[in-house]
Amino acid sequence: TTVDGGIAYSTESRVGGGVKSSPILFLEARTAWYQPGTPEGEKRFAAVGMFHFSARTSAFEKGNVIGVGRAEQGINLGKIGNVSIIPQISFQIAMDTELNLWNNRTIFGTGVKFAFPWKNQIAQGTIGYECEMEDPRSTKKSEPWACSTQAKFDLLSAWHRILR
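What you see is a predicted model; the values in this text were computed from it and never measured.

Re a nonpolar patch on the surface
Here is step 1: A contiguous nonpolar patch, built from Val3, Leu27, Trp33, Tyr34, Phe51 and Phe53 and spanning about 560 Å² of accessible area, is present on the exposed surface.
Here is step 2: When contributions to the nonpolar patch are tallied by element, the ones reaching two or more residues are β2 (18-33) and β3 (47-56).

Okay, here's the thing in structure tokens:
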């Protein structure tokens with residue numbers, strides 16, 4: 001488990017909104033269990049998961065605090081070569097203090113993660129399907145549900161070092 005917090009300098013670019021920079025405050029907490037690259041996570045049918053929470057301010061949205069929590073849970077079905085194959089489900093909730101549509105969402109997902117060691121890190125790609133639902137309290141409205149196919153890539157250097 002890691003917890004980080006502090007002040008950072010952020011530069012944000014938004015379509016139609018230009019670029020803004022300012023100091024921001026942030027707090028993050030991460031924990032993971034049985035990640036690929038660890039002895040426990042390499043076992044067949046190991047329950048592989050993670051939880052991440054972050055809260056921060058924004059250079060664009062002065063006075064707004066944005067919070068995001070995400071959890072993933074999967075099962076390591078086995079390996080092909082050095083690549084772990086992990087079907088998983090995910091859940092994410094995002095909220096802010098101003099109830100902006102773009103920050104207030106609940107996302108449900110499912111997919112398959114492919115994870116492998118790479119230069120003392122864990123590289124992982126996920127192919128899946130996600131549906132997101134806007135918060136009914138949001139100040140601006142759009143479609144209440146939106147679903148899409150997703151492809152993501154992550155490089156987990158910090159988690160891999162912590163879990164070794």
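Anyway, onward from the coordinates.
Section: the pattern of salt bridges
Here is step 1: Within this structure, the stated rule accounts for eight salt bridges.
Here is step 2: Between Glu132 and Arg105 there is a salt bridge whose closest N-O contact spans 2.8 Å. Here the residue Glu132 occupies a position in strand β8 (residues 121-134), and Arg105 occupies one in strand β7 (residues 105-118), the gap between them amounting to 27 residues.
Here is step 3: Ionic contacts of the salt-bridge type, sharing partners, join the residues Arg70, Glu72, Lys113, Glu130 and Lys152 into one network.

A few points about the state of the cysteines
Here is step 1: In total, this model carries one disulfide according to the counting rule given.
Here is step 2: With its sulfur 2.0 Å from that of its partner, Cys131 forms a disulfide with Cys147. Every disulfide takes its handedness from the sign of the S-S torsion; for Cys131 and Cys147 that torsion is 115 degrees, giving right-handed. Pair noted here: Cys131 is in strand β8 and Cys147 is in strand β9 (residues 145-155), with a separation of 16 residues, a long-range link.
Here is step 3: We classify Cys131 as buried; its relative accessible area is 16%.

As for the pairing of strand β4 (residues 66-75)
Here is step 1: The pairing of β3 with β4 spans ten bridges and is antiparallel. The residue of β4 that forms the bridge with His52 is Arg70.
Here is step 2: Sheet analysis places β4 next to strand β6 (residues 83-96), joined by nine bridges and oriented antiparallel. The partner of Glu72 across the bridge, within β6, is Ser90.

Looking at unusual backbone geometry
Here is step 1: With phi around 60 degrees, Leu99 is a residue other than glycine that occupies positive phi space.
Here is step 2: The topology assignment puts Leu99 in the loop between β6 and β7.

Reading the values: the criteria
- Residues numbered from 1 in each chain as written.
- Predicted model: local features only at pLDDT ≥ 70, side-chain atom pairs only at ≥ 80, totals over all residues.
- Heavy atoms only, no water.
- Patch = residues over 30% accessible without salt bridge, like charges linked within 9 Å, V, L, I, M, F, W, Y side chains within 5 Å.
- Areas by Shrake-Rupley, 256 points an atom, 1.4 Å probe, with all protein chains shown as cover.
- Salt bridge = Lys/Arg side-chain N within 4 Å of Asp/Glu carboxyl O.
- Helix = DSSP H or I, 4+ residues; strand = E, 2+ residues; numbered from the N terminus.
- Disulfide = S-S within 2.5 Å.
- Buried < 20%, exposed > 50% of the residue type's maximum accessible area, 1.4 Å probe, protein only.
- Pairing = 2+ DSSP bridges.

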